[in-house]
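Descriptive structure summary
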Protein chains: 2
Amino acid sequence: MSDVPAFLTESARRIDAVLDQLLPPAGEGAGRLHEAMRYSTLAPGKRLRPALALASCRLFAGDETLCLEPAAALEMIHAYSLIHDDLPAMDDDDLRRGQPTSHVVFGEAMAILAGDALHSLACETMAFHPGGPEHARLRSRVQRHVLGAIGWQGMVGGQVLDLSLTGRGGQASEGEVEEVHLRKTGALIRASLVVGAEVGGATPEQVEAVGELGKVSGLAFQVVDDVLDVTSHADELGKTGGKDEAANKVTYPAVLGLEGAREKATELTRDALARLEAVSSEASGDGGPLAELLRFVLERRS
Amino acid sequence: MSDVPAFLTESARRIDAVLDQLLPPAGEGAGRLHEAMRYSTLAPGKRLRPALALASCRLFAGDETLCLEPAAALEMIHAYSLIHDDLPAMDDDDLRRGQPTSHVVFGEAMAILAGDALHSLACETMAFHPGGPEHARLRSRVQRHVLGAIGWQGMVGGQVLDLSLTGRGGQASEGEVEEVHLRKTGALIRASLVVGAEVGGATPEQVEAVGELGKVSGLAFQVVDDVLDVTSHADELGKTGGKDEAANKVTYPAVLGLEGAREKATELTRDALARLEAVSSEASGDGGPLAELLRFVLERRS
């Protein structure tokens, strides 16, 4: 694996500090709920979505302190979706990010509720951060992009499509796999980049271009993930390897073969980096961290 | 049962029309998800929370058309919480509002996701309705009250407490039962009344007083519900009667006895109506519908 970019390490540190502040304290009142919320959100992980938001903000030379809470909200949404996706009634996964999944540790009822509470807290965070009437328009835009990406139109709808295709034995067309990935994973990755651009003060045209970059990057990310599921072992990936195939999941390797999926990943990565170059040439900030980040996640080999 | 107030019937009709517009169309794309969202949200029911919001708005002579979407969001949140509470891993209920619960009809995975999608759609609705910069402050206040009522601080935290007390066999003090009820049910009922007052342009003092009224009414509502669970039959209540006791649920009849719980309900109802009279005397609108509504739900006998 290429070295972890310094930007990613540093942004994870900043985001974890903000998450620690936003999450309810462990051990008070319904304390086991708070623990479950913290367990999944602060689990070891790349904090990729917040990093994408911060890197996108930097590309437009924005005030990154205004981006921290919205970025933390993106991570909470990601954590909530993983908790629910891992449930026995859904993907039934026991291992996530190298540790037992929420329902294994806290039980199913608590896992459902911890996901629900993180979902609400993410919405609350976006509604009130950054604070003050001068940021009302920004908060509204962030909510527009993120809330439009995570519900029936996006992430949840994508998971439903995924489950329904899995239910018919994983038989799917390339178009269907693409739709699942664009909605289930891609929409939130796209929103992460767009949120950073909005905080950075990008023009509507720039936001649009970053959105397209996010769409391509999100799809590329998922194709790479599909390929790694086939080629990696559990101890490297931190989740059960080869599980997609065993579970009849719709994946790019399943429809294009492993080599075809690798080519698709390379092609999408090239497209993403070219789009980033085009956007960067018109932006006033530093596109370096975002380029480094995209290369890191799209060219990872494990 | 006393006659259903005309205001309740009329507000349910208005809210269902708005919900029908806000919910995704059945039968497109991930259409089964959309069906599941509609099934639970548009199920036969009183639409009590939206009605409380509209009646509270009328008490302050507010523009009720501005209250319709926030009120619909309250109903979506209520529906989402019922879907998740009824899951096998939680209260394991097969019957709700007189019809099979979501997971019975659509399966567990879809029920979890339909709840999630309703939760997101409710947040999206509050973030963007009523629209326009002139209502930015109102939207922000609505979000403050509702989002503060439904997460770990309120509804979800209350369900966790409820499950944990149930887990120890339903042994609880009156204070613990009160905390469960205030958070699990009371917080959203309180928020419903407060949302209506905010839309109606109530002063901060009036909003505060309506909040206290909402707190007392929410608790009263739940005590009445507890009593009815003991005394009603399934066909009257539309859910499995006597189930609380069988499930070791913490209830007022369990800690105070049936007569004690009835007295508590009467006392809280009297308190709520006195508070409403005090608030009404200082408000510019019509408090009649709200009084009629509170009497209807708090004095119902089935």
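For chain A, the count of helices and strands is 14 helices and two strands. By the compact-globule yardstick of 19 Å for 302 residues, chain A fits well, its C-alpha radius of gyration being 18 Å. C-alpha extents for chain A along the principal axes are approximately 50 × 50 × 35 Å. Taking the intrachain contacts of chain A between residues at least 6 apart in sequence as the baseline, contacts between residues at least 24 apart amount to 73%. Total accessible area on chain A is roughly 11200 Å²; 49% of this is exposed by carbon and sulfur atoms. Separation of charge centres in chain A, based on 29 positive and 45 negative side chains, amounts to 2 Å.

Judged by nonpolar contacts, the single largest core of 200 residues is most densely connected at L33(A), V146(A), L33(B) and V146(B). With residues up to four places along the chain from it excluded, the contact list for V146(A) reads L74(A), I77(A), M126(A), L188(A), A191(A) and V195(A).

This part covers the interface of chain B and chain A. Facing 40 residues of chain B, the contacting portion of chain A comprises 40 residues. Between chain B and chain A, roughly 3400 Å² of surface is buried when both sides are summed, and carbon and sulfur atoms account for 73% of that area. Considering only the surface of chain B that becomes buried against chain A, L113(B), F128(B) and W152(B) emerge as the three largest contributors, covering 19% of it. If you look at where chain B meets chain A, you find seven residue pairs in polar contact (both at pLDDT 80 or more).

Let us look at the relation of the copies chain B and chain A. If you rotate chain B by 180° and push it 0.0 Å along the axis, it lands on chain A with an RMSD of 0.0 Å. Put plainly, the chains are arranged around a two-fold axis. Closest approach to the rotation axis within chain B is made by the C-alpha atom of C123(B), at a distance of 3.4 Å. When the interface residues of chain B are mapped onto chain A, 100% of them again lie at the interface, so the same face is used by both copies.

Quick look at the pattern of salt bridges now. Residue and element names in this part refer to chain A. If you walk through the whole model with that rule in mind, you get 38 salt bridges over all chains. Across the salt bridge formed by R58 and E64, the nearest N and O atoms sit 2.8 Å from each other. On the basis of relative accessibility, which here comes to 28%, the residue R58 falls in the partly exposed class. The network of salt bridges with shared partners includes D91, D162, K184 and K249.

Another aspect to go through is the state of the cysteines. Overall, the coordinates contain zero disulfides over all chains when judged by the stated rule. The cysteine C67(A) is free of any disulfide, with C57(A) supplying the nearest cysteine sulfur at 4.6 Å. Here C123(B) is not cross-linked by a disulfide; its sulfur's nearest cysteine counterpart is in C123(A), at 3.3 Å.

Residue and element names in this part refer to chain B. Between helix α9 (residues 174–199) and helix α13 (residues 252–281), whose axes approach to 11 Å, the crossing angle comes to 75°. Classed by the angle they form, the pair α9 and α13 counts as roughly perpendicular. Residues E174, V177, E178 and H181 of α9 pack against Y252, V255, L256 and K264 of α13. Here the contact of α9 with α13 is built from residues that sort into four nonpolar, one polar and three charged.

All names here are of chain B. For helix α7 (residues 136–150), with 15 residues, the first-to-last C-alpha span of 21 Å sits near the 21 Å given by 1.5 Å per residue. All of the buried residues in α7 are L138, R139, V142, Q143, V146, L147, A149 and I150. Considered in projection along α7, the buried side chains sweep an arc of 155° and stay on one side of the axis. In α7, the exposed positions angled more than 90 degrees off the buried face are occupied by R137 and R144.

Mapped onto the fold, Q222(A) is located in helix α10 (residues 204–231). Those residues in contact with Q222(A) that sit more than four places away from it in its chain are H181(A) and T185(A).

Residue and element names in this part refer to chain A. In this model, helix α3 (residues 48–59) (twelve residues) spans 16 Å end to end at C-alpha, consistent with the 16 Å of a helix rising 1.5 Å per residue. Taken across its twelve residues, α3 has eleven buried, putting it largely inside the fold. Contacts from the buried residues of α3 go to α1 (6–22), α4 (68–85), α9 (174–199), α10, α13 (252–281) and α14 (288–298). The positive-phi residue at the C-terminal boundary of α3 is A61, with phi of around 55°.

What follows deals with unusual backbone geometry. Leaving glycine aside, a negative phi is the common case for residues, and trans is the common case for peptide bonds. For the bond running from H129(A) to P130(A), omega is -5°, close enough to zero to count as cis. Its location among the elements puts P130(A) in the loop between α6 (108–128) and α7 (136–150). Even without being glycine, R47(B) reaches a positive phi, approximately 55°. Look at R47(B) and you get buried, because its relative accessible area is 2%. With a phi angle near 55°, A61(B) is a residue other than glycine that sits in the positive phi range. For A61(B), the location among the structural elements is in the loop between α3 (48–59) and α4 (68–85). With relative accessibility at 51%, the residue A61(B) sits in the exposed group.

A few words now on the side chain of D116(B). Note on placement: D116(B) falls in helix α6 (residues 108–128). Of the side chains bearing the opposite charge, K184(A) lies closest to the buried D116(B), which forms no salt bridge; the N-O distance is 12 Å.

Below, the discussion takes up the confidence of the model for chain A. Of the residues in chain A, 95% have a pLDDT of 70 or more, and the chain-wide mean is 92. For this predicted complex, the interface score ipTM comes out at 0.95, alongside a pTM of 0.95.

Residue and element names in this part refer to chain A. With respect to the secondary-structure elements, A149 resides in helix α7. Look at A149 and you get buried, because its relative accessible area is 5%. With near-sequence residues (within four places) excluded, A149 lies in contact with G154, M155, A187, L188 and A191.

In this section: the packing of aromatic side chains. In this description, an aromatic ring pair is defined by two values, namely the gap between the centres and the angle between the planes. Tallied over the full model, the rule gives two aromatic pairs over all chains. Considering the side-chain rings of Y39(A) and F106(A), the 5.4 Å spacing of their centres and the 75° angle between planes classify their relative orientation as edge-to-face. Of this pair, Y39(A) sits in helix α2 (residues 31–41) while F106(A) sits in helix α5 (residues 102–106), placing them 67 residues apart in sequence. One cation-aromatic arrangement involves R144(A) over F128(B); the distance from NZ or CZ to the ring centre is 3.9 Å.

So, on to the packing of α6(A) against helix α8 (residues 155–167) of chain B. One way to put it is that α6(A) packs onto α8(B) with a least axis distance of 10 Å and a crossing angle of 165°. Judged by the angle between their axes, α6(A) and α8(B) are roughly antiparallel. α8(B) is crossed by α6(A), and the crossing has left-handed handedness. Listed contacts from α8(B) to A109(A), M110(A), L113(A), D116(A) and A117(A) of α6(A) are V156(B), Q159(B), V160(B) and L163(B). Its residues assigned to classes, the contact of α6(A) with α8(B) comprises seven nonpolar, one polar and one charged.

Conventions used here
Counting restarts for each chain, with residues numbered from 1 along the sequence as it is written. To label them, take the chains in the order written and letter them from A, then take the ligands in the order written and number them from 1. Per-residue local features of the predicted model are confined to residues with pLDDT of at least 70, and side-chain atom pairs are confined, for both listing and counting, to 80 or more; whole-chain, interface and lining totals are unaffected and use all residues. Water and hydrogen atoms play no part in the side-chain values, which are based on all heavy atoms of the structure. Elements are defined by DSSP. Helices are runs of H or I of four residues or more, strands are runs of E of two residues or more, and each kind is numbered from the N terminus. Throughout, radius of gyration means the C-alpha value; the globule benchmark is 2.2 Å times the number of residues raised to the power 0.38. Contact between two residues is taken to exist if any of their heavy atoms lie within 4.5 Å; hydrogens are not considered. The protein chains shown are the only cover counted for residues, whose accessible areas, like all others here, come from Shrake-Rupley with a 1.4 Å probe. Note that His is not counted, nor are the chain ends; the positive residues are Lys and Arg, and the negative ones are Asp and Glu. Taken as the charge centre is NZ of Lys, CZ of Arg, CG of Asp or CD of Glu, depending on the residue. Here the nonpolar core consists of buried residues drawn from Ala, Val, Leu, Ile, Met, Phe, Trp, Tyr and Cys, with membership extended through side-chain atoms lying within 4.5 Å. Only protein chains enter the area calculation, which uses a 1.4 Å probe; residues under 20% of their type maximum are buried, those over 50% are exposed, and those in between are partly exposed. Accessible area that two parts lose when put together, with a 1.4 Å probe and added across both, is what the buried area reports. Polar contacts, as used here, are pairs of N or O atoms within 3.5 Å; protein pairs need one atom able to donate a hydrogen and one able to accept it. Residues neighboring in sequence count only if both atoms are side-chain atoms. Residues reaching a pLDDT of at least 70 in both copies supply the C-alpha atoms on which the copies are superposed by least squares. Salt bridges are counted wherever a side-chain nitrogen of Lys or Arg sits within 4 Å of a carboxyl oxygen of Asp or Glu. Cysteine sulfurs are considered disulfide-paired once they come within 2.5 Å of each other. Helix axes use the C-alpha atoms of the stretch in contact, all axes being lines fitted to C-alpha atoms, and the angles between their N-to-C directions lie in the range 0 to 180 degrees. An angle below 35 degrees is treated as roughly parallel, one above 145 as roughly antiparallel, one from 65 to 115 as roughly perpendicular, and anything else as oblique. As a working rule, the residues Ala, Val, Leu, Ile, Met, Phe, Trp, Tyr, Cys and Pro are called nonpolar, Asp, Glu, Lys and Arg charged, and the rest polar, with Gly in that last group. Helices are assigned an expected span. That span is 1.5 Å times one less than the residue count. The arc under discussion is defined with respect to the helix axis, by the directions toward the C-beta atoms. Each residue gets a pLDDT score, which is the predictor's confidence in that residue and runs from 0 to 100. Note on ring pairs: Phe, Tyr and Trp rings are taken, using the six-membered ring of Trp, and paired if centres are within 6.5 Å. Classes follow the plane angle, with under 30 degrees stacked, over 60 edge-to-face and the rest tilted. Lysine NZ or arginine CZ positioned within 6 Å of the ring centre and within 35 degrees of the ring normal marks a charge as sitting over the ring. Helix crossings get a hand from a simple test, with the near helix turned counterclockwise from the far one by less than a right angle marking a left-handed crossing and a clockwise turn marking a right-handed one.

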